[in-house]
Amino acid sequence: MSLHRLLPHDTFSSSLGSLSQVGSSKASVALFNAVKSFPTFGDIIARIGLWWEQIRAVVVVPVFKFLVAICLIMSVMLFVEVMYMGIVVLYVKLFKRKPAKIYKWEAMEDDVECGSATYPMVLVQMPMYNEKEVCEQSIAAACKISWPSNRMIIQVLDDSTDPASKELVKKECERWSKEGVNITFEIRDNRNGYKAGALREGMKHSYVKQCDYVAIFDADFQPDPDFLLRTVPFLIHNAKLALVQGRWEFVNADQCMMTRLQEMSLSYHFTVEQQVGSSTFAFFGFNGTAGVWRISALIESGGWNDQTTVEDMDLAVRATLRGWKLLYIDDLKVKSELPCSFNALRSQQHRWTCGPANLFRKMAGKILRSENVSLWKKLYMLYSFFFIRKIVAHVLTFCFYCVILPATVLFPEVTVPKWAAFYLPSLITLFIAIGRLRCPLLLFLYNLSSFLSLVTLLILYYVNRSIHLLAFWVLFENSMSLVRTKALVMGLLETGRVQEWVVTEKSGDALKTKLIPQVPNVRFRERVHLLELLVGAYLLSCGIYDIIYGKNTLYVYLLFQSLAFFVVGFGYVGKYVPASSS
């Protein structure tokens with residue numbers, strides 16, 4: 001009996017055990033299936049890749065195509081502008097449209113009865129700030145200007161914070177004063193308005209009221225003795241002329257590669273851009289130095305204003321809106337100095353780009369509403385002078401040639417026509433190089449010749465000077481476009497360092513005898529520029545990708561341009577000057 005009673009119980013227990021085993025097995029299978037359903041790392045990557053392909057096709061590629069189209073339009077606009085300026089310069093040179101033929105000019109002569117009284121009173125302003133390297137030679141050059149001593153006042157406006165610099169300038173002024181030169185040494189207890197503030201304060205002195213004209217020379221400028229004899233007669237005999245501007249000549253152009261490249265850019269600026277503005281609409285941006293202003297025009301235009309860091313261009317715009325004309329003389333050269341330190345160049349380029357952009361923001365409406373300016377002149381000021389040269393040129397150089405064009409190797413669907421990627425920038429570069437030619441015959445032949453003849457002319461003309469630097473100039477200008485584009489955005493948005501004013505370092509007499517010695521212990525953070533290095537790495541990556549996967553030879557440009565950005569980013573350009581006491 002006990003055996004029969006136990007059997008059903010054992011059977012039930014065994015059945016229950018087998019059921020539990022089946023349930024556990026099913027749970028394990030369900031858990032296994034659930035775990036198996038989780039995406040693997042490969043699945044995640046594949047899914048991200050699918051999402052990226054969708055975003056790429058719907059968003060990224062269309063956006064890049066749109067940006068390329070915008071850049072193509074800007075390229076054509078810039079090309080037309082360069083061509084227009086080339087035609088104007090060609091006309092001026094072929095027909096010898098010199099200023100003396102357009103405006104009345106008569107040489108200054110002593111009157112037997114009146115003597116030097118026939119000469120107008122001229123004020124010579126020389127703003128300075130810790131300029132001990134150059135103050136002696138610049139003051140000496142100003143004191144040697146050929147003009148009756150009783151009809152000229154030299155005003156040295158010293159804002160120096162370095163006691164040694166201030167004392168040196170003061171002694172130099174006292175030395176020339178003892179030799180009979182009418183020179184004054186003016187200081188103020190603040191630097192409000194920087195250079196514009198110093199010039200404005202200088203105009204408030206009582207002795208300025210007797211002056212008719214004011215010549216302005218920065219601390220590193222050395223005018224020739226005949227500077228006033230060549231400029232003032234234009235102002236005397238042409239009542240609507242407000243300014244006569246001279247051309248800069250550089251005493252240290254051959255100091256290093258960076259100064260040579262700067263000379264190429266500035267030579268084009270003066271030979272072409274300034275001459276075109278002066279010859280067509282009697283308007284251009286005053287360069288802030290090496291010029292003579294009619295004081296009545298300066299006062300009528302509102303005087304010196306420090307609303308931007310380009311007080312010189314600001315004054316030129318306001319004078320033009322008042323109906324005054326400006327004259328540029330290309331063969332009137334004034335010696336000056338180029339920055340040989342890369343940090344000094346960066347600061348200068350920041351000011352020269354940020355200032356005009358900020359001025360455009362503030363003055364565009366006033367230009368449009370002006371009643372003293374013709375419609376064509378308004379168009380020239382707003383479109384050619386400001387929009388194309390001060391905005392489009394910088395945006396196109398960096399955004400297209402350093403960002404968008406390299407990115408096309410990553411997006412084969414985005415294509416850039418060869419004429420935009422190669423032919424158009426090559427022609428613009430060649431036209432800029434040609435623009436520096438001074439021989440009308442060569443310019444005439446250039447317009448009649450084929451592309452091969454053009455290259456031949458360039459080689460013949462520049463073989464002793466700059467033809468071998470043309471490629472370096474393009475790479476360097478592209479590298480500098482990052483600094484300029486940043487400054488442009490700050491100026492347009494009026495943010496960041498929009499009002500930053502850094503006085504450009506000078507080297508002075510050291511240039512005449514030897515190169516400036518390298519400073520061995522330069523801190524790493526002072527010479528390294530992170531953004532340039534990042535752009536260099538981006539270009540290098542695009543170049544390597546193009547070598548591996550690409551179907552064109554864009555990598556040649558990308559690798560060279562990346563190298564240029566690395567050289568600039570690590571600070572291996574220009575020379576390091578000893579830190580001044582300023």
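Structure: above.
Residues numbered from 1 in each chain as written. Predicted model: local features only at pLDDT ≥ 70, side-chain atom pairs only at ≥ 80, totals over all residues. Heavy atoms only, no water.

**Topic: the overall build of the protein chain**
Here is step 1: Each helix and strand in the protein chain was counted, giving 20 helices and 7 strands.
Here is step 2: Taking all 582 residues of the protein chain together, the buried fraction comes to 52%.
Here is step 3: Restricting the contact set of the protein chain to residue pairs at least 6 apart, pairs at least 24 apart contribute 83%.
Here is step 4: Accessible surface computed for the protein chain: about 28,300 Å², of which carbon and sulfur atoms make up 63%. (Helix = DSSP H or I, 4+ residues; strand = E, 2+ residues; numbered from the N terminus. Buried < 20%, exposed > 50% of the residue type's maximum accessible area, 1.4 Å probe, protein only. Contact = heavy atoms within 4.5 Å. Areas by Shrake-Rupley, 256 points an atom, 1.4 Å probe, with all protein chains shown as cover.)

**Digging into the nonpolar core**
Here is step 1: Formed by 155 residues in total, the largest nonpolar core has its most connected members in Ile139, Ile154, Leu228 and Trp293.
Here is step 2: Looking at this core, the element that brings in the most residues is helix α12 (residues 375–407), giving 17 residues.
Here is step 3: Setting aside residues no more than four positions away along its own chain, Ile139 makes contact with Met126, Met128, Val156, Val169, Glu172, Cys173, Trp176 and Ile183. (Core = buried A, V, L, I, M, F, W, Y, C linked by side-chain atoms within 4.5 Å.)

**Focus: the sheet that holds strand β3 (residues 183–187)**
Strands in a sheet are paired, the pairing made by backbone hydrogen bonds, and the direction either parallel or antiparallel.
Here is step 1: Read from one edge of the open sheet, 7 strands run β3-β2-β1-β4-β6-β5-β7, paired in mixed fashion. Pairing within the sheet leaves two strands with one partner each, and these edge strands are β3 and β7 (325–336). Across the sheet, the axes of successive neighbouring strands diverge by a mean angle of 20 degrees, strand direction being ignored.
Here is step 2: Across 5 bridges, strand β2 (residues 152–158) lies against β3 in parallel orientation. Each bridged residue has a counterpart across the sheet, and for Gln155 the counterpart in β3 is Thr184.
Here is step 3: Here helix α4 (residues 135–143) sits on the sheet in contact with β1 (122–128), β2 and β3, set at roughly 175 degrees to β1.
Here is step 4: Together, β1, β2 and β3 form the strand contacts of helix α5 (residues 163–178), whose direction differs from that of β3 by roughly 160 degrees. (Pairing = 2+ DSSP bridges. Axes fitted to C-alpha atoms, helices over the stretch in contact; angles between N-to-C directions.)

**Digging into the packing of α4 against α5**
Here is step 1: Contact pair α4 / α5: the axes reach a minimum separation of 10 Å and the direction vectors enclose 25 degrees. Comparing their axes, α5 and α4 come out roughly parallel. Seen from above, α4 lies across α5 with right-handed handedness. Residues Cys135, Glu136, Ile139, Ala140 and Cys143 of α4 pack against Leu168, Val169, Glu172, Cys173 and Trp176 of α5.
Here is step 2: For the contact of α4 with α5, a count of residues per class yields 8 nonpolar, no polar and 2 charged. (Parallel < 35°, antiparallel > 145°, perpendicular 65-115°, else oblique. Left-handed = near helix turned anticlockwise from the far one by under 90°. Nonpolar A, V, L, I, M, F, W, Y, C, P; charged D, E, K, R; others polar.)

**As for the packing of aromatic side chains**
Here is step 1: All told, the structure shown has 19 aromatic pairs when counted by the stated rule.
Here is step 2: Each ring, one from Phe286 and one from Trp293, has its centre 5.7 Å from the other, and the planes form 85 degrees; the classification is edge-to-face.
Here is step 3: When its relative accessible area of 2% is taken as the criterion, Phe286 is described as buried.
Here is step 4: Ring centres 4.9 Å apart and planes at 45 degrees place the aromatic pair Tyr545 and Tyr549 in the tilted group. Separated by 4 residues within a single helix, Tyr545 and Tyr549 lie in helix α19 (residues 530–549), roughly one turn from each other.
Here is step 5: Judged by relative accessible area, Tyr549 falls into the exposed class, the value being 57%.
Here is step 6: The ring centre of Phe385 lies 5.0 Å from the NZ or CZ of Lys390, which sits over that ring. (Phe/Tyr/Trp six-rings, centres within 6.5 Å; stacked < 30°, edge-to-face > 60°. Lys NZ or Arg CZ within 6 Å of the ring centre and 35° of its normal.)

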